[in-house]
Amino acid sequence: MVKTLYIFILTAITIKVWAQKPPVNKSAQKPGEIERTYWDKEKKKIRTEGRYINTNSKVFSGVGLEDGEWKYWYENGNLDRKS
């Protein structure tokens, strides 16, 4: 009896986890649109700049994969690197 209850609960939890919808890509509104993140709330100090590919897959972050050239800045405004 306890074993049956344990299997039922485990199955219910497994179904609940696997039945969830994949996360929505809230970052890129349009394919190929340049995305920017900022160091401050006022959005004056750019932190990163680049494009995402929306893969429509279950990527862990739900954002997609970085595509093409990306730029990264230090908090003081100096360019860190391009990749």
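Please read these numbers as outputs of a predicted model, since none were measured by experiment.

Caption draft 1: Structural context of the environment of Glu-69. Relative to the assigned elements, Glu-69 resides in strand β3 (residues 65-73). Each C-alpha atom of the pair Glu-69 and Lys-82 lies 6.6 Å from the other, and the pair is 13 residues apart in sequence. Those residues in contact with Glu-69 that sit more than four places away from it in its chain are Glu-49, Gly-50, Lys-82 and Ser-83.

Caption draft 2: Examining the packing of aromatic side chains more closely. Throughout the structure, instances matching the rule amount to one aromatic pair. Above the face of the Tyr-72 ring, Arg-81 is positioned so that its terminal group lies 4.2 Å from the ring centre.

Caption draft 3: Spotlight on a nonpolar patch on the surface. A cluster of nonpolar side chains, namely Leu-5, Phe-8, Ile-9 and Ile-13, defines an oily patch on the protein surface of about 420 Å² accessible area. Of note, Phe-8 is situated in helix α1 (residues 2-18).

Caption draft 4: Seen up close, the pattern of salt bridges. Taken as a whole and assessed by the stated rule, the structure comprises two salt bridges. The salt bridge involving Arg-36 is made with Glu-49; its shortest N-O contact spans 2.6 Å. Taken together, the positions of Arg-36 in strand β1 (residues 34-38) and Glu-49 in strand β2 (residues 46-53) put the pair 13 residues apart, joining distant regions of the chain. Classification of Glu-49 as buried rests on a relative accessible area of 14%. Its salt-bridge partner being Arg-81, residue Asp-80 comes within 2.9 Å of it at the nearest N-O pair. For Arg-81, a relative accessible area of 43% puts it in the partly exposed group.

Thresholds applied
- Residues numbered from 1 in each chain as written.
- Predicted model: local features only at pLDDT ≥ 70, side-chain atom pairs only at ≥ 80, totals over all residues.
- Heavy atoms only, no water.
- Helix = DSSP H or I, 4+ residues; strand = E, 2+ residues; numbered from the N terminus.
- Contact = heavy atoms within 4.5 Å.
- Phe/Tyr/Trp six-rings, centres within 6.5 Å; stacked < 30°, edge-to-face > 60°.
- Lys NZ or Arg CZ within 6 Å of the ring centre and 35° of its normal.
- Patch = residues over 30% accessible without salt bridge, like charges linked within 9 Å, V, L, I, M, F, W, Y side chains within 5 Å.
- Areas by Shrake-Rupley, 256 points an atom, 1.4 Å probe, with all protein chains shown as cover.
- Salt bridge = Lys/Arg side-chain N within 4 Å of Asp/Glu carboxyl O.
- Buried < 20%, exposed > 50% of the residue type's maximum accessible area, 1.4 Å probe, protein only.

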